[in-house]
Amino acid sequence: MQRKIISVATSIIEEAVADSLEKNFPESIGIADLGCSSGPNTLMVISEIIDKVYAITNKLGSPLPELRISLNDLPGNDFNNIFISLPEFYKKLKMEKNIGQEGCFISGVPGSFYGRLFPRKSLHFVHSSSSLHWLSQVPPTLESSFLKPLNKGKIYISKNTMACVLDAYLSQFKRDFSLFLKSRSEEMADDGSMVLSFMGRVSADPSCEESCMQWELLAQALMSMALEGRIEEEKIDSFNAPYYAPSAMEVTSAIEEEGSFTITRLEAFEIDWDGGAPINNNVHENPNTIEKYYVPRGQLFSKTIRAVVESMLECHFGREIMDELFRRYGELVDDYFLKTRPRSIDLVVSLTKRGSL
Ligand SMILES: C[S@@+](CC[C@H](N)C(=O)[O-])C[C@H]1O[C@@H](n2cnc3c(N)ncnc32)[C@H](O)[C@@H]1O
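Residues numbered from 1 in each chain as written. Predicted model: local features only at pLDDT ≥ 70, side-chain atom pairs only at ≥ 80, totals over all residues. Heavy atoms only, no water.

Engineer: How would you sum up the site of the ligand? Please name residues and give values.
Structural biologist: In the region of the ligand, 16 residues are neighbours, and Gly35, Asn41, Asp73, Phe113 and Ser129 sit closest. Contacts to the ligand include Asn41, whose side-chain N or O atom sits 3.0 Å from an oxygen atom. Relative to its free-state accessible area of 600 Å², the ligand is covered by the protein chains to the extent of 87%. When residues of the shell around the ligand are traced back to their parent elements, those giving at least two are helix 1 (2–23) and strand 2 (66–73). Classifying every residue of the shell around the ligand gives five nonpolar, ten polar and one charged. (Near = heavy atom within 4 Å. Polar contact = N/O pair within 3.5 Å; in protein donor to acceptor, adjacent residues only side chain to side chain. Areas by Shrake-Rupley, 256 points an atom, 1.4 Å probe, with all protein chains shown as cover. Helix = DSSP H or I, 4+ residues; strand = E, 2+ residues; numbered from the N terminus. Nonpolar A, V, L, I, M, F, W, Y, C, P; charged D, E, K, R; others polar.)

As structure tokens, this is what we get:
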């Protein structure tokens, strides 16, 4: 699903890199990927950006700028896994583009993107994909309401969510996003570009299915276990996801209010929950036999979500319920697939840093 999100944004990323180089062709270009994770997608985005810089310089007949590439994620990210794959990456770069290690410096930068990470004016192009919907924290009003829970039986916004809960989520998003923009504005060179893609919504209603349903079904799976006494209901009442899927309008007004960037493009893409994978992709081979087996789409989606949220849920609900929770979640998602074609909204916004006066 995340790869699909990266691929829908590819042309916007390429356009932003080209725009940035057109205005400012530095000898040494600073590029950062924020929330890079550690997996097959990490170096894929970087490859695409290098390809574009390489194509532009070739077209202009200019020498390739020195590439300073920073990969950022939270300190717990498995940076070693990325570093281990770098020799192979450099080898390919040398073979395909004759770019040696003396022309491309890749480093890991651990820390939260909700704050300063890089020296002043050191970046020319910033990218972030599938990360900014994660808030820096659960909105504090929800955390402090454990005696009288405001979001009973739910773990995110849903239909009938109280207005104070909606406000708490929106305020936290605005605070975080504004701090993100302010931090980047200090780190980016004038006219530098930034492409951000994250989960959001087209609808003005924060409780619409396109932004809430994956959490709603997870809350239903938890509640079914609470009904059987497998977990305490209070535990569900006191858990709230540090997540917010903003509307395009909320994103626009947050950018305008902060004031450091102008919006070049803002687009919304519908992404199927299973990434639009053809049904055949669900047929898996058992490596020990020649047997093939079919994995229901709901269970596959459940695995995707488990990979992202399990550590968070495990801390709160305990490790022992995880297998059962995600089995039930997969079943609920399967039923949901029978009723509809579930899709999330991926917002992609391309920004240019305003020049200083
Ligand atoms: C779903 S992964 C996206 C990975 C990759 N960008 C992609 O598109 O496939 C989200 C990543 O954002 C990171 N993340 C979340 N909050 C962050 C923060 N405040 N600062 C830096 N990284 C953060 C997570 O650790 C995680 O690796």
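Engineer: I'd like to hear about the pairing of strand 1 (residues 28–34), residue by residue, with values.
Structural biologist: Where burial is concerned, most of strand 1 is hidden: seven out of the seven residues are buried. Burial along strand 1 is two-sided: the face carrying Ser28, Gly30, Ala32 and Leu34 and the face carrying Ile29, Ile31 and Asp33 are both buried. Looking at chain direction, strand 1 and strand 2 are connected through seven bridges and run parallel. Note on strand 2: the bridge partner recorded for Leu34 is Asn72. Taken together, strand 1, helix 2 (residues 42–60) and strand 2 form a β-α-β motif whose crossover is right-handed. The pairing of strand 1 with strand 4 (residues 123–129) spans four bridges and is classified as parallel. Looking at the pairing, Ala32 lines up with Val126 of strand 4. (Buried < 20%, exposed > 50% of the residue type's maximum accessible area, 1.4 Å probe, protein only. Pairing = 2+ DSSP bridges. Right-handed = clockwise from strand over helix to strand, strands pointing away.)

Engineer: Before we move on, could you go through unusual backbone geometry and cite the residues and values that matter?
Structural biologist: Phi is positive for Ser130, close to 55 degrees, though the residue is something other than glycine. Topologically, Ser130 is positioned in the loop between strand 4 and helix 4 (140–143). Ser130 sits in the buried class, given a relative accessible area of 15%. The residue Asp191 is not glycine, and still its phi comes out positive at about 70 degrees. Mapped onto the fold, Asp191 is located in strand 5 (residues 188–200).

Engineer: Account for helix 9 (residues 297–317), with residues named and values stated.
Structural biologist: Every α-helix carries 3.6 residues per turn, so stepping three or four residues along brings you back to the same face. Taking 1.5 Å per residue as the helical rise, helix 9 with its 21 residues ought to reach 30 Å, whereas the 25 Å between its terminal C-alpha atoms falls clearly short. Residue Val309 marks the point of greatest curvature in helix 9, where the axis turns by about 60 degrees. Buried within helix 9 we find Gly298, Phe301, Ser302, Ile305, Val309, Glu310, Leu313 and Phe317. Just downstream of helix 9 lies Gly318, where phi reads positive at about 95 degrees. (Expected span 1.5 Å × (residues − 1). Bend = angle between axes of the 7 residues up to and from the residue.)

Engineer: Can you lay out the nonpolar core for me, pointing to particular residues and giving the numbers?
Structural biologist: The tendency in soluble globular proteins is for nonpolar side chains to be buried as a group. The biggest cluster of nonpolar side chains holds 103 residues, and the ones touching the most others in it are Phe177 and Phe180. Not counting residues up to four positions away in its chain, the partners in contact with Phe180 are Leu34, Phe113, Tyr114, Leu132, Met194 and Leu196. (Core = buried A, V, L, I, M, F, W, Y, C linked by side-chain atoms within 4.5 Å. Contact = heavy atoms within 4.5 Å.)

Engineer: Tell me what's going on with the layout of surface pockets, and back it up with residues and numbers.
Structural biologist: Its volume calculated, the second largest pocket comes out at about 280 Å³. Elements with a contribution of two residues or more to the lining of the second largest pocket: helix 2 and helix 3 (79–97). It is helix 3 that contributes the most residues to the lining of the second largest pocket, nine residues altogether. Residue classes in the lining of the second largest pocket are distributed as six nonpolar, six polar and five charged. (1 Å grid on protein atoms, 1.4 Å probe; cavity = no way out; pocket = protein on both sides within 12 Å on 5 of 7 lines; lining within 4 Å. Points joined across faces, edges and corners; volume = space filled by probe spheres on them.)

Engineer: Could you give an account of the packing of helix 6 (residues 209–227) against helix 9, naming the residues involved and the relevant values?
Structural biologist: If you want to describe how two helices pack, look at the angle between their axes and the distance between the axes. Across the interface, helix 6 lies against helix 9 with an axial gap of 12 Å and an inter-helix angle of 55 degrees. Between helix 6 and helix 9, the angle falls in the class oblique. Considering how the two elements wind past one another, helix 6 and helix 9 form a crossing that is right-handed. Listed contacts from helix 9 to Gln214, Trp215, Leu218 and Leu222 of helix 6 are Phe301, Val309, Leu313 and Phe317. Considering only residue class, the contact of helix 6 with helix 9 consists of seven nonpolar, one polar and no charged. (Axes fitted to C-alpha atoms, helices over the stretch in contact; angles between N-to-C directions. Parallel < 35°, antiparallel > 145°, perpendicular 65-115°, else oblique. Left-handed = near helix turned anticlockwise from the far one by under 90°.)

Engineer: How would you sum up the packing of aromatic side chains? Please name residues and give values.
Structural biologist: The relative placement of two aromatic rings is captured by the distance of their centres and the angle of their planes. For the structure on display, the rule yields 19 aromatic pairs. With a centroid separation of 5.6 Å and 85 degrees between ring planes, the pair formed by Phe113 and Phe180 is classed as edge-to-face. With a gap of 67 residues between them, Phe113 in the loop between strand 3 (104–110) and strand 4 and Phe180 in helix 5 (residues 163–187) connect regions that are remote in the sequence. Judged on exposure class, the residue Phe113 and its partner Phe180 are both buried. Arranged with centres 5.3 Å apart and planes meeting at 15 degrees, the rings of Phe173 and Phe177 form a pair that is stacked. Residue Phe173 and its partner Phe177 are both found in helix 5; the two are separated by four residues, about one turn of the helix. Using a relative accessible area of 2% as the deciding quantity, one classes Phe173 as buried. Counting every residue linked through ring pairs, the aromatic cluster contains Phe113, Tyr114, Trp134, Tyr156, Tyr169, Phe173, Phe177, Phe180, Phe198, Trp215, Tyr243 and Tyr244. The residue whose ring lies beneath Lys97 is Tyr54, and the NZ or CZ to ring-centre distance is 5.6 Å. (Phe/Tyr/Trp six-rings, centres within 6.5 Å; stacked < 30°, edge-to-face > 60°. Lys NZ or Arg CZ within 6 Å of the ring centre and 35° of its normal.)

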